[in-house]
Amino acid sequence: MELKLIHSDADYTHIALSGRLDIDGVKAVEMEFTSVVTGKGLSTIIDMTEVSFIASLGMRMFISAAKNLRTHNKKIVLYNPQPVVREALETAGFSALMTIENDFAKAQTLVQ
Amino acid sequence: MSLSEFQTAATFEAVSAATVNLDRFAEENNLSPKQKYCLDLIYEELMTNVAKYSFHSAAEKHFIRVQLQYDGTDCTFTMSHDGIPFDPWQQENPALDVSLDEREEGGVGIFLTRQFSKSVSYEYKNGINIVSVIF
C-alpha cells in the first residue's frame, strides 16, 4: 500500500493511494494518511484509481478522517474508485458521508 | 468440486499471512475478479472479527479452520473455531442513513459480508462455532 502526495496548497490536499486497503494495507499507510489528511486540516481529494480492494478497516480510516475534517468545515472527496470498490463503499453508505466523483474537474471544484 | 483447507492462529498477523491460500484458490479455480473480491472481503471481515473478539486471552494458541469450496458457480467459505459462541448474523445492521457526525466509524464489516453473499449460516456444535457463507 502506498500513499503519494500529489498536490498541496492553502486550499486543498490531493493524495493518491495505491494497493489494497486490507489489514496489512491499512497498517502500512494509516499513520501517514492521518498525518497528511488531518494534519493539514484541509479538504482532500483521495485518488482511488489504483486501490483494488477495501474492507471495513479502510473505510473506518476514511470515516475517521472525514469526521476530523468536518470539525474544520472541510471534506474528503473520493476520486475515481474502481467499480467493485465503489460498490463496497456505496453498500457501506458512503454516498451519505462524502462525495464519490469520477470527474476530476468536479472533484477539484468540490474542495476549492 | 474444488476444495481447499487450511488453519491459522487467531491473530491479525496470522490471519493476514494466510491470505496466500485465498490467492492460490482463486487462481486454481479461475474465479472472477468480483468473486475474488467477495472471497477476500468475507475472509477479512469474519476472521478479524474472531481474532478480535472470540477469545478472552491467548488468541495465538487458538486456531481458526477455513474451508473453501467451489462448484463451478458458487464459492462456499466455512470458518470454524472454538471461541466464545457467537452468531455474527445476529448482529444488528449499522445505521447508514445518518449524517457524518452521527455515523459510527466501524461496525460495517459483518454487514458488508452479508451484502456480498448469496446466503449465510451459523451453527454451534460440540463446542465449535461454524460460520458459512455462499457467494
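In this text, all values refer to a predicted model and were calculated from it rather than measured experimentally.

Draft legend 1. Structural view of the overall build of chain B. Helix and strand counts for chain B come out as four helices and five strands. Ordered by position from the N terminus, the helices and strands of chain B form the series β-α-α-α-β-β-α-β-β. For 135 residues, the compact-globule estimate of 2.2 N^0.38 gives 14 Å, and chain B sits close to it at 15 Å. For chain B, the spread of C-alpha atoms along the three principal axes comes to 45 × 35 × 25 Å. Split into buried and exposed, the 135 residues of chain B put 51% on the buried side.

Draft legend 2. Region of the structure containing the confidence of the model for chain B. Of all residues in chain B, 99% attain a pLDDT of 70 or more, and the chain-wide mean is 94. Both scores are available for the predicted complex, with the pTM at 0.94 and the ipTM at 0.92.

Draft legend 3. Region of the structure containing the packing of aromatic side chains. Here the structure, examined in full by the defined rule, presents six aromatic pairs over all chains. Aromatic side chains B:F6 and B:Y43 sit 6.3 Å apart centroid to centroid with 45 degrees between the ring planes, which places their arrangement in the tilted category. Highlighted residues: B:F6 in strand β1 (residues 2-9) and B:Y43 in helix α3 (residues 33-53), separated in sequence by 37 residues. Both residues of the pair, B:F6 and B:Y43, count as buried. Here the aromatic residues A:F53, B:Y37 and B:F116 are joined through ring pairs into a cluster of three or more. Residue placement shows A:R20 over the ring face of A:F53; its charged tip is 4.4 Å from the ring centre.

Draft legend 4. Looking closely at helix α2 (residues 19-28) of chain B. Residues and elements named next belong to chain B. Within the span of α2, buried status applies to N21, L22, F25 and A26. The buried residues of α2 occupy one face: seen down the axis, they fall within an arc of 130 degrees. Exposed and facing more than 90 degrees away from the buried side of α2 are E27 and E28. Backbone geometry just downstream of α2 places N30 in the positive-phi region, at approximately 50 degrees.

Draft legend 5. Spatial organisation of the interface of chain A and chain B. Taken together, the contact pairs 27 residues of chain A with 28 residues of chain B. Taken together, chain A and chain B are joined by three salt bridges. Measuring nitrogen to oxygen at the nearest pair gives 3.4 Å for the salt bridge that ties A:R70 to B:D101. Where chain A touches chain B, the interface holds eleven residue pairs in polar contact (both at pLDDT 80 or more).

What counts, and at which threshold
Residues numbered from 1 in each chain as written. Chains lettered and ligands numbered in written order. Predicted model: local features only at pLDDT ≥ 70, side-chain atom pairs only at ≥ 80, totals over all residues. Heavy atoms only, no water. Helix = DSSP H or I, 4+ residues; strand = E, 2+ residues; numbered from the N terminus. Rg over C-alpha atoms; globule rule 2.2 N^0.38 Å. Buried < 20%, exposed > 50% of the residue type's maximum accessible area, 1.4 Å probe, protein only. pLDDT = per-residue confidence, 0-100. Phe/Tyr/Trp six-rings, centres within 6.5 Å; stacked < 30°, edge-to-face > 60°. Lys NZ or Arg CZ within 6 Å of the ring centre and 35° of its normal. Arc of directions from axis to C-beta. Contact = heavy atoms within 4.5 Å. Salt bridge = Lys/Arg side-chain N within 4 Å of Asp/Glu carboxyl O. Polar contact = N/O pair within 3.5 Å; in protein donor to acceptor, adjacent residues only side chain to side chain.

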